[in-house]
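Here is what each chain is made of, one letter per residue.
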Amino acid sequence: MTSLELYSKGASVWIPDPDEVWVSGLLLRDYSPGEKHLLLQLSDGTEAQYPVVSPSDLPPLGNPDILEGENDLTALSFLHEAAVLHNLRVRFLDYSSIYTYCGIVLVAINPYDQLPIYGEEVIDAYSGQDMADMEPHIFSVAEEAYRTMTREEKNQSIIISGESGSGKTVSAKFTMRYFAVVGGASQQTSVEDRVLASNPIMESIGNAKTTRNDNSSRFGKYIEIGFGRKGDIIGANMRTYLLEKSRVVFQASAERNYHIFYQLCASRELPEMRSLKLDAPEHFRYTSQGGEMQIPGTDDLSDLERTRTAFTVLGVQPDQQMELFRILSAVLYLGNVNIQASGRNSDRSYIDADDRPLAVFSKLLGVDGPQMAHWLCHRRLAVGGELLVKPVSGQQAVEARDALAKHIYGQLFTWTVQRLNSALRSQRGAAKSFIGVLDIYGFETFDRNSFEQFCINYANEKLQQQFNRHVFHLEQEEYVREELAWSRIEFSDNQQCINLLEGQLGLFDLLDEECRMPRGSDESWVQKLYDQHLTSKRHPHFQKPRMSNSAFVVLHFADTVQYECDGFLGKNRDTVFEELINILKASQSELVAELFQQQGTVSSVANGSVRSGKRATREHKLTVGFQFRQSLQMLMDTLNNTTPHYVRCIKPNDLKEAFMFDPRRTVQQLRACGVLETIRISAAGFPSRWTYEEFFCRYRLLLRGAQGQEQAQASCRHALPQLIPDPDQYCFGKTKVFFRAGQVALLERLRAERLRVAAVIIQSRVRGWLGRIRYSRICWATLTIQRYSRGALARRLALTLRYTKAALVIQKTFRMVAVRQLFLMIRQATITIQAFTRGTLARSRYRLLVAQRAAVLLQARVRGWLARRSYRRVRAAVVFMQCCARRRAARRELMKLKTEARSVERFRELNKGMEVKLMQLQLRADQEAREGAALKETLHAERGAASAELEALRATVQKLESQKQDKPQPGPVISEKEVEERKKAEEKAAQEILQLTQDLQALQKEKDSFCKEREDLSARLFEQEKAQGECVHQAVSQASAGLRAELDEERRKYQGLLREFTRLEQRYDNLREMSLLTERTKGHRRTDSNQSLSFEPLSPTPLSPHSLTPLSLSPIPFEFPFPEESRRVSVTSPSSERRVSVWSMETPMDQLMEMMDVAKDPAVKMKGEDLAHAYDAVRVANKFLESQLRNQCSQTEEELEALRCQLSQAVFGSSSAAQQQELQGLLEAREQECVRLRRELKELKNTVSLRRLLTQVFNPETSSCPSQTKPATVTGLLECRKRDEAKLIKNLITDIRADSALSLPPGLPASVLFLCVRQADCSGDRAHARSLCSAAVSAMKAALKKHSNDVDMTALWLKNSCLLHDLLTQHSPKQTLDSDEVVPLTADMNDLIRTLSDLCIQAYQQLLSITEKRLQNIIVPALLESETIPGLSGSAGKMGTSRKRTGSDSRTVGVDAPTLAAVLRELGALHTALSSQDLPPTLMAQAFNQLTYLISASAFNSLLLRKDMCCWSRGMQIRYNVSLLEEWLRSRGLQTGGAVATLEHLIQAVQLLQAGKKSDSDAQALVQTCTALSSQQIVKILTLYMPHSDLEKRVTLNFIRTVQGLLKGRSDGLPPQLLMDVRRVFPVTFSYSPPPFLRAEQLVIPDSLKISFLRRA
C-alpha cells in the first residue's frame, strides 16, 4: 500500500480556509491518480470540490482519532501545520490543557485565567519525575533542567520567548519559584526568598501596560541561578537587555508608563510619601499620554507595598528606598517643566524662574534649579579652542529634557539591577553550576516599527539560529545513537539575514557610521542602505517599499517587517549633554551623585553616551546598537555553553478572553517561534519511533512466524519488508524501528483492514450459528403451539355445556330470591320510618334541655377562667417587677462592693469600722434569733389552743349524734294525701335523678374530650420539646465540630511552628559548626567542644536559656486550659501557667498586683500593715458578697422551680397557648438571670485566690517551711549524687550504643531518671532535681539529633520522652490534688513538662520524617508502575506512545524497580520499632494515618499527571496493589485509626478508570461513586483516560460535559483543587494515661549501663 492509497473514501484531510486557516473534510470517494478534483464533505456538512493538479497538490491527511489530543506533537503520525494547530486547539479548548510538548520545546498557551496547577502539591508531584512520564508542564521543563544539571554537572538554560502578552514573565516566575522550592527545601536558606523577591521589583520598574498585555516586560533579562554541590541555591545573577527608555517620555494610546510611577502616585496619601509632593497621574505629562491610568483588577497601592517588601528582603534600607522614590518622582516633575520658545524665529527658549515643577524637581534631586533651567535651554560648543554658549530652540530643549529623563531612569534601572545582583550574590563561594532563565521579547511586528523592534527582531534571529542548530543536532544524535545509515537533514538557516543585520556594511554598521557623521540623518542612512543592498548588490532579505523613501523592509525568518527610519539615529546615539550630567553629579543626594559618578569611571554599556562640547573619547561614543550586539553575543556564548531547554509562549487571542482560540494568530506565532520548524526538521527524518516491544505488541497480528515477546526484533525485521515495500520509508535501529511521516498511519490502515477481515469471518460464523439455533427453536415452538391449541378447544366445549346447565338453576333461584327480598325490604322500611320519627321527636326535646344546661355551665366556666387569668397576669407582673427591682438593687450593691473591694484605700476605711459593723450585725442576728424563738413559741401556743378547740367541737358533734340516735321515732301515720304527695315526690326525684344522670354523662363526655385534648397537647408539647432538643443537639454538635476543627487547625499551626523551630535550631547548629571550623582554620586555639556540639549543657540553672521551650518564646496566645484527663500536645494545650515565662522574676506580690489591676509603683511603697488591713477587708467583703450571692442564687432557683411547676400545671390544666408562651418567656428570663448570677458567682470565686496570694505575700515561711523542714518520705527511689549527674546522663543517654539501648526494657532510662529526680526532690534539694531533669531533657534532644536517620532509636527516645512526661505530670501538684496516694513533687516542673511535650512532638515528627524520606522515591513506582498481576498491561499495545526527550533521564534498564513489597517493608520497620517500645496504639494509628495519606496523595497526584497510567489495565493493577496495602493495615489492626480511609481518593480514582463511560446512567453512577473526588479531579481523569484496546474508545466530550453538568449540582464542599496537598500534616495528640507507680525494686538495670554508682533510697 502506497501513501496515495490512503486517500480513500472516509479518509480525513485538511484544506486551507481564510478564517479558520485549516478545516477538516471527509473524502466521499477514493482518489485515483489523474483526477483533477477531490469530492469532500466539510465539517459543517456541506460538500465541496478541492482542485488537485498533481499528487503533490493533495491536501494533508488527518491523524487517527486515537492520536487526537496527544501531549507531544512529534508523536503524531502526520506532521504538518494543520495537525499541529488542530491538536493544540483540542488540548486547549476541550481538555483545558495549556501545555503541549513539541519535541524538546514546551508550547505554553496563555489561558488568561487563574488555573490551580501551580501549587506546592504540583511542585512535589513533578519533583524527581521523568519528563516523558508526566503531563506537559512548565515544572516538568524546570525539573528536567535541574536533574540534568545535578546528574551531568553541566550548566543549563531555559529560553522562554513569545509575543507580548503570551505569558513569558509568568512562566519565568513559575520556573524560578520551582527552583526556589526544590533547591532550597533542604537547607532552608534565605537565598531563594531573595531570588523570588527580585520579581516584583523588576516588574515595577521594567513592566508596563501595552495594547497587547497589561504586564508587558519592556526589557529582556537572563537570570543565572547558582547551585551548590548539594543542589541547593547559593546565589543568583541577573543580566538585562535593551530597556525601552522611550516609554518614560512617550506612551501610545491605551498604554501606560512603567508601573512604578502609578504606584507612587497611588500612595501619595501615605505619611512617608507626602514629602514627594506627588499628585494624581493625570496631572503628569509622562503618565497621562496614553489615557490609561488604571489597569482593571490591579491595585497599585498594594503593588507598591509588595515592591517595598521585596526591597527590604534584598537588603535595601528604607532611607535608600525613599531616595529611589524621590528620583522617580523627580522624573515625573521633569516632564511637567514648561519650556517656552522665544526669539524672532523661535530659535531660543527659556523656563520661568517661578516654574513649580522645576523647583520640585531640583528640591527632590538636591540640585541647583537655575543652573538646570539654564542648561536645559543652552548648550556649550567648542570653536577654535574656545567654549561658546549657544541657546537652543524650544523643540531642542524639550528633546534635551526628555533625553535627561530617559537617562536618569536608565541609570536608576542599572543601579537597581546592580543592587539586586549584589544582594543575590553567593556568600558561600562560587557556584558549582547554574541554570539560566532567559525571559526575552519575542518577534514583534506593528503598524509602525522603529529602532526597538529592529533590535528585538535581530535578537530573535540569533536565537532562532541557535534553536535550529540545536534541534538539528539532537535529531542527528538520535540517529547516531541508534546506528542508522542517515543522510544530512537540510534545515532553513537564517545566516544570510543575520549577515544583513550584523555583517560588514550591514544595517548596524551603516547605522553606527551614520551616527559618527557630524550631519548624519535618518534619510541619508536609508539612502546608504538602498545603495549598498539594492543598487550595488541586491540582498535577498532586503527590500524597499514602493510608496516610501524613508523606510526599508527586512525578510525575517518569521515574517516580513517594514521599518520606519524616523528616530533611528537619535535612539542609537541616546545622547545626553555633559552640562546636565555635571549638575546631577553635584547633587546633595548621595544616591543621585552615586548614579552619575559611576558614569565617569565605567563606560555606560546600557545607557548610551554622554555628549560634551569637547571631543569625546571613543569609548564614550558607544552606540546603543553596538552595545546591544555585544551583550547579545555574550548571551549567545553563554547559551552555547549550556544545555538549552525551550519554552514557546503562545497568545491565543488579542482580546485577552479566557480560553478563546484564534487560529490565525496562533499559526502566525507558531511560524514565528520555530515550532513548525521543529516539526519540519522532525518530519524530514524519521519522526515516528517505536521500540521493538511496543511495535510487536501493537502489530502482532500483521507479523508472521514466531509470536514470542523475546523474538520481537527478529519478527519486526522479517515482517516489515512485506508490509512496506519501500525500504526508504523505515529503518531499523539498535532498540527502535524508525518510520517516515505517514507510515504509521499506513500500518494502522493495514491493521484495521486485517481486523475488519477477521471480524467479517467471525460475524459470518456467528450469524450461521445463530440462524440454525433460531430455526430449531421455531420448529419446536410450532409443535408446542399446535398441541396446546387442540387441548384448549376441547376444554372450551366441555366448559360451555357445563355453563348452560348451571345457568338454568341460577335463573330459577334468582327469581325466588328477588321476590322475597322485595317483601322484606318493604316491611323493614315501614318499621324504620316509625322508629326514626319517634326518635326525632325525643331527641329534639333532649337537645333543648342539653343546650340550656350547657349554656349555663359555659357561662360559669368562662367567667371563672377570665377571673383566674386576670389574677395570674397581675400576680406574674407583680412578681416580675419585684424580681427586677431586687436584681437592680443587687447589681448596684454588687458593683459598689466590687469597687470597694478593688480599692486598697477602701479596705483601710472598711477595716476601721468593720469590727463595729460586725458587732452590729452579730447583735442584729442575735436579736432576730430571739424574735424567731419568740415567734416559734407563740405559734406553738396558738397551735395548741386550736387543737383543743377542735377536740371540743368534735366532742360536741359526737354528743349530738348520740342524742339523735337515742330519740324515739314517731309511729307511721300516713294519709292518702301524703301517699300521693310521696309518689309525686318520688316521681319528681326519679326525673331529677334521670336528669342528673344525663348531666353526669354529658359532663363525663366533656371530661373525656378535655382529657383527649390534654393528651394531644401533651403529645404536641413533647414533640416540640423533642424537636427543640434535636435542634439544640444538632447545633451543639455543629458547634463542637467547629471547635474541634479550630482545635485541630491550631494544633497543626503549633506543630508546624515547632517543626520550623527544629529546622531553625538545626540550621543554627550547622552555622555554629561552620563558624567553629572557620575559626579553627584561621588559627584560633579553642577548647574541646564535643560536648557542646552533642547536647546542651547538662546543668542549666532555673533561669538558663536552655530550659526555655519554643512555647515560651512563641507569640501565640494560649486560650485553652491544660486538661486533667489527657494532655493534648498542641498550640491549644498549654495551661494558664504557661503565660509565666521562665525568665520571669515576678514575686507573688507582683502577680497579685497584676490580677487586681493595681499599678506596681504605689504597691511597692505600701507597708506591711496596710496590706494586712487590705487583706482582712477583702476577706470580710468576699465572705459577705459570697453569702449574699449564694442566697440570691438559691432564691432564683426556687423561683425557677416554682415557675416550672406553674408551667407544667398550665400546660396540663389549660389549653391557652398565650399563657403558655408567657410563662415560657418568664422561665427563659429567669434562666438567663440564673446563668448571669452563676457567672458572677464564678468570678467572685476566682477572686478568692487573692487570699492565697496574700498568704504567700505575708507568710512565705508557712508555705515553704513544711516542704523544707518536713520532706515527704517515699521509699523505692534512686539517689544520684550531684557529682555523678554528668556521668549518669552520659552513660544512660549520650554515649549509650544503639544495640545496648534497643535491648533495654521500654522506658528504662526515663524510669531511672525519674526515680533520681524524685529522690532529690524528696530530700529537699529542688535545685538538684530541676538541674538533673533539665540535663536529661537536653541530652534527649541531643540524642534525637544524633540518631536523626535511625527509626529504632528515634522510637526509643520518643517512648522515654513520653514516659518521663507522664511521670512528671502524674506527680505534679495539679494532678495530685484529688489523690491521696501520690506524693506530689515540691519542685516546679511545669516548664520542663512543657519542654518534654515539645520534645515528644519533635521525636514523633522525626520518626515520620525518616520513614517519609525512605518512602518518597518508591511510592509511585511501587503503587502505579509495578505489575503485580503479570501480563495484564502487555495485552494491548499503546498507540501513539510519547517519544522520550533526548537526554532525559530514563530509568536504567536492568535495575530492579521498587515494588509494593518495598513499601510494606518500610512500613513494617516502623511498626516493629513502635511495637517494640510499647507505644500506645492510638499513637501508632496516628503515625500510619499520616503515612498512608502521604502514599495516597503522592500516588494520586502522579496518576493525575501521567497519561499512560489512566487506562483500564493500569487501574486494575493499582487497585490490586492498594488492596494489598489495605490487607497489610488490617492485619495489624490499623484500620480503625483512619489509615484505610485516607486511601479513598486513590481507590475512587481507580474505580473511575474501571467504570463504564458511555451512557448517562454511567455518568450518574460515576458521580454517585466518586464522592471523595472534586469536580476538577474527575474531569481530569476522564480527559486523560486512554483506551485499553481497539475494542474500547476514548471518553467523548459529550460524556465529559454530562458529568460536568451532574457535578455542578453536587454540593460536596470539596476544595476546588486538582492535586492533593502532599505536605499536609495531621496534628498529633498524645493521650495521657497515668503510668503505674515506680519503685527501684521493680527495675531490672543491666550492668552494661554502668550506673552502679546509684544508691537505692
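Residues numbered from 1 in each chain as written. Predicted model: local features only at pLDDT ≥ 70, side-chain atom pairs only at ≥ 80, totals over all residues. Heavy atoms only, no water.

With that out of the way, let us pick up the sheet that holds strand E24 (residues 730–732). Read from one edge to the other, the open sheet built from three strands follows the order E23-E25-E24, with strand pairing classed as antiparallel. Both edges of this open sheet fall to strand E23 (688–691) and E24, since each of them pairs with a single strand only. Looking at each pair of strands side by side, their axes are set apart by 20° on average, direction ignored. In this structure, E24 lies alongside strand E25 (residues 736–739), joined through three bridges in antiparallel fashion. In the strand pairing of E25, Tyr 730 is matched with Phe 739. (Pairing = 2+ DSSP bridges. Helix = DSSP H or I, 4+ residues; strand = E, 2+ residues; numbered from the N terminus. Axes fitted to C-alpha atoms, helices over the stretch in contact; angles between N-to-C directions.)

The next point concerns the nonpolar core. By size, the foremost hydrophobic cluster in this structure holds 323 residues, and its most contacted members are Phe 179 and Phe 552. At 13 residues, helix H44 (residues 1481–1504) tops the list of elements feeding residues into this core. Membership of the second largest hydrophobic core comes to 20 residues, among which are Tyr 699, Leu 702, Tyr 730 and Phe 739. (Core = buried A, V, L, I, M, F, W, Y, C linked by side-chain atoms within 4.5 Å. Buried < 20%, exposed > 50% of the residue type's maximum accessible area, 1.4 Å probe, protein only.)

Okay, a nonpolar patch on the surface next. Where nonpolar side chains cluster on the molecular surface, the patch consists of Ile 762, Val 766, Trp 769 and Leu 770 and spans about 400 Å² of accessible area. Mapping Leu 770 onto the fold places it in helix H25 (residues 743–902). Given the relative accessible area of 45%, Leu 770 is considered partly exposed. (Patch = residues over 30% accessible without salt bridge, like charges linked within 9 Å, V, L, I, M, F, W, Y side chains within 5 Å. Areas by Shrake-Rupley, 256 points an atom, 1.4 Å probe, with all protein chains shown as cover. Salt bridge = Lys/Arg side-chain N within 4 Å of Asp/Glu carboxyl O.)

Across the sheet, which stays open at both edges, the seven strands sit in the order E5-E6-E22-E7-E16-E10-E11 with mixed pairing between neighbours. Edge positions in the sheet fall to strand E5 (99–102) and strand E11 (233–241), since each of these pairs with one other strand and no more. Put simply, the sheet's adjacent strands are angled 20° from each other on average, direction ignored. In the sheet, strand E6 (residues 105–109) pairs with strand E22 (residues 643–650) via five bridges, with the strands oriented parallel. In the strand pairing of E22, Ala 108 is matched with Cys 649.

Right, let's talk about the confidence of the model for the protein for a bit. On average, residues of the protein carry a pLDDT of 79, and 79% of them reach 70 or more. Across residues 600–620, confidence stays below pLDDT 50; counting only partners more than four residues off in sequence or on other chains, it has 41 contacts. In the model, residues 1435–1454 has pLDDT below 50 throughout and makes 52 contacts with residues more than four positions away in sequence or in other chains. (pLDDT = per-residue confidence, 0-100. Contact = heavy atoms within 4.5 Å.)

Peptide bonds are, in most cases, trans, and in most cases residues other than glycine have a negative phi. With a phi angle near 65°, Ala 254 is a residue other than glycine that sits in the positive phi range. One can find Ala 254 in the loop between E11 and helix H6 (259–266). Residue classification places Ala 254 among the partly exposed positions, given a relative accessible area of 26%. We note that Lys 656 has phi near 60°; this positive angle belongs to a residue other than glycine.

This part is about the pairing of E6. Within E6, five of the five residues are buried, leaving the element largely enclosed by the surrounding structure. Here E6 shows no split at all, with Val 105, Val 107 and Ile 109 on one side and Leu 106 and Ala 108 on the other all buried. Between E5 and E6, which pair antiparallel and follow one another directly, the connecting turn spans two residues, one of which, Gly 103, has a positive phi of 70°.

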